[in-house]
Amino acid sequence: MSPARLVKLAGDRLLAIVLLGLLAPLVLAVAAWILLDSGRPVLFVYPRAGRRGRPFRMLKFRTMVPDAIELGRAQALSEDPFGIVPDDPRITRSGRFLRRTSLDELPQLLNVLRGEMSLVGPRPDLLEQVANYTERDRRRLSVLPGITGWSQVHGRDQIGWPERIEQDLWYLDHWSLRLDATILAKTVAQVFRDEQAPVEDVMNIERHRARQEEPASGPHEEPPASPAP
């Protein structure tokens, strides 16, 4: 591992410890708000693909109703099995603010401490979504996934998968500690952005349809309707 990568690894852990200490009152306040607004659970825990595709349990503050997955299936809100829709009825009142400000991602500082994530890197995808990756797409699994990343500060929910993968690959090809610092600074500015409408990801829809049309080799579980309650 290069010296710069070692600095990134050590810096991730150190900054995560510092941020958890500084933001502890905010974390407790957000947890209390979720409890008052929509009850338990406070956290949403779901398997995601980490480095080299290894599964890990990613933590988020819950921003959707507890039965969001079942509700999405029942109401057929979108053909994209991994996305949300504008004015998604499953998002709670507190959740809408947490998503806009990215405060729902704060618990992932614990994932950083556990060595499962980095502060900056490609966002971790669902295991079902990674199953649809091409060989080129899988390059984004060569590093630890991040709480924030290049695509998070250059379009976020307003861009579809093809553009997002290109941005992630650009990040891998141009990575430096300075670039990570730039992304972190831009992420702070994202807290004050206006609410943006998500796009329907056509590529995810097409890939999901193709998998459904493949001959079944045995029983399988239907992927969830949304990646981020």
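None of the values given here were measured: they were computed from a predicted structure.

> Any details on the pattern of salt bridges? Residues and values, ideally.
Counted according to the given criterion, the structure contains ten salt bridges. Of the charged contacts, one joins D180 and K8 as a salt bridge, the two residues approaching to 2.6 Å between their closest N and O atoms. Of the two residues, D180 sits in helix α8 (residues 177-190) while K8 sits in helix α1 (residues 3-22), which places them 172 residues apart along the sequence. Among the residues examined, D180 registers a relative accessible area of 7% and is labelled buried. With a shortest N-O distance of 3.1 Å, K60 and D104 are connected by a salt bridge. Taken together, the residues K60 in strand β2 (residues 55-61) and D104 in the loop between α4 (93-101) and α5 (108-113) connect sequence positions 44 residues apart. Owing to a relative accessible area of 2%, D104 belongs among the buried residues under this scheme. Through salt bridges with shared partners, a single network forms among K60, D104, E105 and R123.

> Before we move on, can you summarise the confidence of the model for the protein chain with the specific residues and values?
For the protein chain, per-residue confidence averages 84 on the pLDDT scale, and 76% of positions sit at 70 or higher. In this model residues 217-228 is a low-confidence stretch, pLDDT under 50, and it forms 37 contacts with partners more than four residues away in sequence or in other chains.

> I'd like a rundown of the environment of S176, residues and numbers included.
Tracing the backbone shows S176 in the loop between α7 (161-174) and α8. In this structure S176 comes out as partly exposed when scored by relative accessible area, which is 27%. Residues S176 and R5 lie 171 residues apart in sequence; the distance between their C-alpha atoms is 8.8 Å. At 3.0 Å, the side chain of S176 and the backbone nitrogen of L179 are in polar contact.

> Which residues make up the environment of S151, and what values do they have?
As for its placement among the helices and strands, S151 is situated in the loop between β4 (146-148) and α7. A relative accessible area of 3% means that S151 is categorised as buried. With sequence-adjacent residues up to four places away left out, S151 is seen in contact with R156, I159, R164, Q167 and D168.

> Go over the nonpolar core with me, naming the residues and quoting the values.
A general feature of soluble globular proteins is that nonpolar side chains tend to end up buried together. In terms of nonpolar packing, the biggest core is built from 32 residues, with F61, Y171 and I183 touching the most fellow members. Going through the elements one at a time, α2 (24-38), β2, α5, β3 (118-120), α7 and α8 are the ones with two or more residues in this core.

> Hey, could you go over the environment of R138 for me, with residue numbers and the actual values?
Residue position: R138 is located in the loop between α6 (127-130) and β4. Residue classification places R138 among the partly exposed positions, given a relative accessible area of 35%. Along the sequence, R138 and I165 sit 27 residues apart, while their C-alpha atoms lie 9.6 Å from each other. Excluding anything up to four places from it in sequence, R138 contacts R52, V130 and Y133.

> Before we move on, can you summarise the packing of α2 against α4 with the specific residues and values?
Contact geometry for α2 and α4: axes closest at 8 Å, N-to-C directions at 150°. On α4, the residues that touch V30, W33, I34 and D37 of α2 are R93, S94, F97 and L98. Tallied by class, residues from the contact of α2 with α4 come to five nonpolar, one polar and two charged.

About the thresholds
Residues numbered from 1 in each chain as written. Predicted model: local features only at pLDDT ≥ 70, side-chain atom pairs only at ≥ 80, totals over all residues. Heavy atoms only, no water. Salt bridge = Lys/Arg side-chain N within 4 Å of Asp/Glu carboxyl O. Helix = DSSP H or I, 4+ residues; strand = E, 2+ residues; numbered from the N terminus. Buried < 20%, exposed > 50% of the residue type's maximum accessible area, 1.4 Å probe, protein only. pLDDT = per-residue confidence, 0-100. Contact = heavy atoms within 4.5 Å. Polar contact = N/O pair within 3.5 Å; in protein donor to acceptor, adjacent residues only side chain to side chain. Core = buried A, V, L, I, M, F, W, Y, C linked by side-chain atoms within 4.5 Å. Axes fitted to C-alpha atoms, helices over the stretch in contact; angles between N-to-C directions. Nonpolar A, V, L, I, M, F, W, Y, C, P; charged D, E, K, R; others polar.

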